[in-house]
Amino acid sequence: PRSGADAMAEAYQHGSDEKAAGRIDGFNIGMNIDECAGQSVFWPHIHFIPRHKGDAKHLGGIRYAHPGADHREHY
């Protein structure tokens, strides 16, 4: 069986290939672990999110995954 590390490596390689081909400007890879973190299907899986310049109001990546949160309170 393949491991979570294999899946992360594959997602990273896919993102790197897409970026090199000029189809995306960047990418996020992430996992939601437990319901409070947004997990809605309860088996291991990875989210690959292609990104394009100007596609988000804020810079800072995953810290703005919860748009209304003031993350300075926690970090």
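Located above this text is the structure these notes cover.
Rules and cut-offs
Residues numbered from 1 in each chain as written. Predicted model: local features only at pLDDT ≥ 70, side-chain atom pairs only at ≥ 80, totals over all residues. Heavy atoms only, no water. Phe/Tyr/Trp six-rings, centres within 6.5 Å; stacked < 30°, edge-to-face > 60°. Helix = DSSP H or I, 4+ residues; strand = E, 2+ residues; numbered from the N terminus.

Caption draft 1: Structural context of the packing of aromatic side chains. The full count for this structure, using the stated rule, is two aromatic pairs. A ring pair is formed by Tyr12 and Phe27, whose centres lie 5.8 Å apart and whose planes are at 65°; its orientation type is edge-to-face. In this pair, Tyr12 sits in helix α1 (residues 4-20) while Phe27 sits in strand β1 (residues 26-30), placing the two residues 15 residues apart along the sequence. An aromatic cluster is present here, built from Tyr12, Phe27 and Phe48 joined pairwise through their rings.

Caption draft 2: Focus on the environment of Gly4. With respect to the element layout, Gly4 can be found in helix α1. Through-space distance from the C-alpha of Gly4 to that of Ile46 is 8.6 Å; in sequence the pair is 42 residues apart.

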